[in-house]
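Residue-level structure breakdown
For reference, the chains in residue letters:
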Amino acid sequence: MRSSLAPNRNRFWLTISLILFLVSAIGAWLVQTSAGQIEVRDLRWETPSGLVLSALLFKPKGVSADKPVPGIVTSHGMLNSREMQDSTYVELARRGYVVLAIDMYGHGFSQVVTGPQRDRARATGMYDAVELIASLPYVDKDKIGITGHSFGGRSANWSMPFDNKRDKPLVSAVLLQTADATYIDPKTKAYFNDYGSRHVGIIADEWDEFFFRQKGADGKMSKPGAFLSTDNAQSFLHFGADPKAVSDKRVADAVYTEAIDGKQASRIIYMFQNMTHPWAPFSERSTARIVEFFDRVFGAPMPIDSHAQIWQYKEAFNSLGLIAFAIFLVAFTKWMLETKTFAPLRTPAGPVGPIATTSGQRWLWGGLLVSAIVSAGSYLLLFDPVQNLQPGFRTQYPPLFIGIWAAVNGLFAILFMWAYYRTAGKRDGMDAAAAGVTIPARKLWLTVLLAVTVVAAAYAIVFAADYLLKVDFRLWVLAVKPFGVDRIPFVLAMLPLFGLYFVANSVALNAFDRFTLLGREWVNTTVVGLFNVLGGVIVLLLQYGTFFSTGEMSPFIQAMEGIYMIPIVVILFVTAVIARKIYRATNNPYLGGLINTLAVTMITIANTQTLYPS
C-alpha cells in the first residue's frame, strides 16, 4: 500500500511546488508594480563608457513629458544585484518616482570592467545610469537623486567628480545607505565639501562592519555607534568645514541647511541603533528614511506615509519561491524516476535502525564534531591565501574561495569515510555496495543525466519568472536568480570544487551517517543537517559574538567572511535534507549530491562580482 501511495504523494508535492512558484512570481510582481500601476522594464544598453549596463526601470503610470517627476538611481552593494534594492525601488516607485535600479559593472547582467580602476569606472555604472535617467522625457531634470547601499554608496561618491565637471550638474540629491561620505580632499588631505549645493544624507548603523569609525588622536578607533562624535561626521554636517573650526556639535536626525552657490543645500545623518551593515536594505526603519529623505528634498509625487510599506510582502512572496525551488528539486526528481528512461535509478533505500555498535556511535558523533571543527577552521585559514591568489584569468573571488573551502572539506570527508570503513565499518557489517557507494557505470551516467535534467527544469522556471514578470526568488542575501551566458564558463570551472564537497557530503550523510535517532530517521536527518552548518555557525558566532561584546572585529576573521557565511548556513542545511530525500527514493548518494552541486554552483555564480585581472 505504501509503495502505491508514494507516486501520488510525490505528485502532490510536485503540484505544491509549482503552485508556490506561481504564487511567488505573481505575488511579487503585483507588489513591485502596485498591481499593474507601475511599468517595469528590463534595460540593457551600451553606455558612454563603452560597456553594457543592466537595470530595472520603474515608471509609474501617468508620468509624461507634460508631468515630469523626480528620478532616482539606486544601486546594490558589492556581490549583490539590482534586486537587492527592492525595498528602495518598490517604495519610491509606488510614491510616483521614476526609479532606475542598476546592476553595477561586473555584477548581475552588466558587463565586466577591466584594468586597475575597474571599481571606479564611471562609478561602476552609476553615473552612466544618471545620464540615462536624465535623458528620459518624463523625468524632472532638476530633481535627480542617487542612492546606494555599501559599495553602491561608494559608487554614489565616485559619481561626484563626473557630475562636478558638468556646467550644470545632473545630481541634486545623494543618500548614502550604510556607507561613508567623502570627507577628505584626496589632494590637499583637508576636510572639504565634495557635494557642493546638493542635498546629502547618510544612513548610519551602530554595528557596521566596515564604516563609520575613525581613529582618534590617541590612535584608537571610535566605538561602534559613536559616529556622530567623530570629526568625519561633524565635518559632513558642517558642509565640509574643519571640525576644529566649528563651535557646535551637530546631532543625528536633524536637517542642517546652508546657502551654497546661491542654493539652499542640506545635510542629515540618520543614526540607527541595533543594526548591522547587511541588514540595512532589509530594514523598515532604513526604508522609511529613504522615503522621507527624497520626499523632503524633492516633494513626493504621490505622498504616502513613510512607514506604510509593502516591500515586505514582496519579500514574503519571493521567499515562497525559494521554498518551491527546494521542494521542486526533490519532487521533480522522484517524478522523473517514474519515467522509462530513469526507472533503473528507482531503488528505494532499505529501512534503517539505530547504530548497533559502540564504535559506530563514536565514529558517528566524533566524525560529525570533527567535521564541523575542520569546516570552521579551514574557512578561517583559507580566506587570506585565496584572497591573495591572483589567477591570470577572469575570476569571481567569492565563489573561488567558497569552492576551494568546499573542496577541502569534501576531501576531508572522503578521507574520514575511508578511515572509518577500513578500521571499523567493515568490521561492523557495513556493505558499501548495499549503501550505494559503489555504482555501475550505466547508472552513473543516468545519474548525471537526471541531475542535469532536474536542475535545468528548475532553472527554466527561474528564467521564465524573470522574463515574464521581472522577479526572482530570494530572501535577504539568499537568492535564486537567472544569469547571463557569460557566467556559464564560471559554472563549469567551479563545478569540480563544489562537486567534491556536495557529492562527498551526500555519500557521508546517507551511506555512512543514516541511522535512526530516538527511533526516527527524520531526527537523524535534522541532526546531520545541523552538523552540516555547525562550522558556519561557529564562524558567525566568532565574528558577531566578538563584535557585539567588544566593539571590535575578531582578529581571526575579516568582515566579509561572516557575510559570505550567512546564506551558506541556510544552503548547507537545505542541501542535506534534499540529498537525504532523494537517497531514500534511489539508494543513490550521488544523485542528490550532483543536483546540489549544480544548483548551488549556479546560485553562487549568479550572486557575486566578476573581475578581470588588473
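This one's a predicted model, so the numbers in the text were calculated from it and none came from an experiment. (Residues numbered from 1 in each chain as written. Predicted model: local features only at pLDDT ≥ 70, side-chain atom pairs only at ≥ 80, totals over all residues. Heavy atoms only, no water.)

1. Thoughts on the overall build of the protein
- Within the protein one finds 14 helices and 11 strands.
- Here the C-alpha atoms of the protein give a radius of gyration of 26 Å, agreeing with the 25 Å that 2.2 N^0.38 yields for 614 residues.
- In the protein, buried positions account for 58% of the 614 residues.
- Restricting the contact set of the protein to residue pairs at least 6 apart, pairs at least 24 apart contribute 76%.
- Just so you have it, the protein exposes about 25400 Å², and 63% of that area is on carbon and sulfur atoms.
- Mean positive and mean negative side-chain charge positions of the protein (55 and 45 charges, respectively) differ by 9 Å. (Helix = DSSP H or I, 4+ residues; strand = E, 2+ residues; numbered from the N terminus. Rg over C-alpha atoms; globule rule 2.2 N^0.38 Å. Buried < 20%, exposed > 50% of the residue type's maximum accessible area, 1.4 Å probe, protein only. Contact = heavy atoms within 4.5 Å. Areas by Shrake-Rupley, 256 points an atom, 1.4 Å probe, with all protein chains shown as cover. Lys, Arg positive; Asp, Glu negative; His and termini not counted. Charge placed at Lys NZ, Arg CZ, Asp CG, Glu CD.)

2. Structural notes on the environment of glutamine 177
- By the element assignment, glutamine 177 lies in strand 6 (residues 173-177).
- Each C-alpha atom, one on glutamine 177 and one on glycine 350, is 54 Å from the other, the two residues being 173 residues apart in sequence.

3. Focus on the sheet that holds strand 3 (residues 69-75)
- Ordered in space as 1-2-4-3-5-6-7-9-8, the nine strands form an open sheet in which the pairing is mixed. In this open sheet, the two strands that pair with only one neighbour each are strand 1 (38-46) and strand 8 (256-260). Within this sheet the neighbouring strands show an average axis-to-axis angle of 20 degrees, counted without direction.
- Relative to strand 4 (residues 98-103), strand 2 (residues 52-60) is paired through five bridges, and the arrangement is antiparallel. Looking across to strand 4, one finds that leucine 57 is bridged to leucine 100.
- In the packing of helix 3 (residues 126-135) onto the sheet, contacts are made with strand 1, strand 2, strand 3, strand 4 and strand 5 (139-149), and the angle to strand 5 comes to roughly 155 degrees.
- Each of strand 3, strand 5 and strand 6 touches helix 4 (residues 151-164); the most contacted strand, strand 5, lies at about 135 degrees to it. (Pairing = 2+ DSSP bridges. Axes fitted to C-alpha atoms, helices over the stretch in contact; angles between N-to-C directions.)

4. Concerning the pattern of salt bridges
- In total, this model carries 23 salt bridges according to the counting rule given.
- Two residues, aspartate 103 and arginine 82, come together in a salt bridge whose shortest N-O distance is 3.9 Å. Pair noted here: aspartate 103 is in strand 4 and arginine 82 is in the loop between strand 3 and helix 2 (86-93), with a separation of 21 residues, a long-range link.
- Classification of aspartate 103 as buried rests on a relative accessible area of 0%.
- For the salt bridge of arginine 94 with glutamate 91, the shortest nitrogen-to-oxygen distance reads 3.0 Å.
- Each of Asp42, Arg44, Arg82, Glu83, Asp103, Asp472 and Arg474 takes part in salt bridges that share partners, so that together they form one network. (Salt bridge = Lys/Arg side-chain N within 4 Å of Asp/Glu carboxyl O.)

5. Some points on the packing of aromatic side chains
- Summed over the entire model, instances satisfying the criterion amount to 39 aromatic pairs.
- Between tyrosine 501 and phenylalanine 502 the ring centres are 5.0 Å apart and the planes differ by 80 degrees, which places this aromatic pair in the edge-to-face class. Of the two residues, tyrosine 501 and phenylalanine 502, neither departs from the other in class, the shared state being buried.
- Following the ring pairs from residue to residue traces out a cluster consisting of Tyr379, Phe383, Tyr397, Phe401, Trp405 and Tyr564.
- Taking NZ or CZ as reference, arginine 122 lies 5.5 Å from the ring centre of phenylalanine 162, over its face. (Phe/Tyr/Trp six-rings, centres within 6.5 Å; stacked < 30°, edge-to-face > 60°. Lys NZ or Arg CZ within 6 Å of the ring centre and 35° of its normal.)

6. Observations concerning unusual backbone geometry
- Its identity as a non-glycine residue notwithstanding, phenylalanine 239 has a phi of 60 degrees, on the positive side.
- Turning to its location among the elements, phenylalanine 239 is positioned in the loop between helix 5 (231-237) and strand 8.
- Given a relative accessible area of 7%, phenylalanine 239 falls into the buried group.
- Phi at asparagine 274 is positive, roughly 55 degrees, even though this residue is not glycine.

7. Considerations on the side chain of asparagine 532
- With respect to the helices and strands, asparagine 532 occurs in helix 12 (residues 521-550).
- Non-local contacts of asparagine 532, meaning those with residues more than four positions away in its chain, are made with Tyr501, Asn505, Leu509, Leu572 and Ala576.

8. Topic: helix 4
- With 14 residues, helix 4 should reach 20 Å at 1.5 Å per residue; the first-to-last C-alpha distance of 20 Å fits that figure.
- If you check which residues of helix 4 are buried, you get Phe151, Gly152, Gly153, Ser155, Ala156, Asn157, Trp158, Ser159, Met160 and Asp163.
- Considering only its buried residues, helix 4 is in contact with strand 3, helix 3, strand 5 and strand 6. (Expected span 1.5 Å × (residues − 1).)

9. Considering the pairing of strand 2
- Of all the nine residues making up strand 2, eight are buried; the element is thus mostly covered by neighbouring parts of the structure.
- Looking at chain direction, strand 1 and strand 2 are connected through nine bridges and run antiparallel. By the bridge assignment, arginine 41 is partnered in strand 2 with leucine 57.

10. Some words on the nonpolar core
- Phe325, Phe401 and Tyr459 are the most contacted members of the largest nonpolar core, which has 80 residues in total.
- Broken down by element, the residue count for this core peaks at 12 residues, all from helix 13 (residues 559-586).
- The next biggest cluster of nonpolar side chains, apart from the first, holds 56 residues, and it includes Leu43, Val98, Val200 and Ile260. (Core = buried A, V, L, I, M, F, W, Y, C linked by side-chain atoms within 4.5 Å.)

11. So, the side chain of aspartate 86
- Here aspartate 86 is to be found in helix 2.
- One polar contact links aspartate 86 to lysine 314, side chain to side chain, over a distance of 3.2 Å.
- For aspartate 86, the residues in contact, after removing those within four places along its chain, are Trp311, Lys314, Glu315, Asn318 and Arg474. (Polar contact = N/O pair within 3.5 Å; in protein donor to acceptor, adjacent residues only side chain to side chain.)

12. Thoughts on a nonpolar patch on the surface
- On the surface, a cluster of nonpolar side chains totalling about 380 Å² of accessible area is made up of Leu444, Trp445, Val448 and Val452.
- Relative accessible area serves as the criterion here: at 65%, tryptophan 445 is assigned to the exposed category. (Patch = residues over 30% accessible without salt bridge, like charges linked within 9 Å, V, L, I, M, F, W, Y side chains within 5 Å.)

13. So, the pairing of strand 9 (residues 263-276)
- Of all the 14 residues making up strand 9, 10 are buried; the element is thus mostly covered by neighbouring parts of the structure.
- Across eight bridges, strand 7 (residues 199-207) lies against strand 9 in parallel orientation. Paired with valine 200 across the two strands is arginine 267, which belongs to strand 9.
- Where strand 8 meets strand 9, five bridges bridge the pair, whose relative direction is antiparallel. Residue pairing for strand 9: tyrosine 256 is matched across the bridge by arginine 267.
- Hairpin connection between strand 8 and strand 9: a loop of two residues separates the two successive antiparallel strands, and aspartate 261 in this loop has a positive phi of roughly 55 degrees.

14. Concerning the packing of helix 13 against helix 14 (residues 589-606)
- At a minimum axis separation of 7 Å, helix 13 and helix 14 run at an interaxial angle of 145 degrees. With respect to the hand of their crossing, helix 13 and helix 14 are arranged in right-handed fashion. Residues Ile571, Thr575, Ile578, Ala579, Ile582, Tyr583 and Thr586 of helix 13 form the contact with helix 14, whose participating residues are Pro589, Leu591, Gly592, Ile595, Asn596 and Val600.
- Class assignment for the residues of the contact of helix 13 with helix 14 results in nine nonpolar, four polar and no charged. (Left-handed = near helix turned anticlockwise from the far one by under 90°. Nonpolar A, V, L, I, M, F, W, Y, C, P; charged D, E, K, R; others polar.)

The quantities given are spatial measurements derived from coordinates; they are silent on function.
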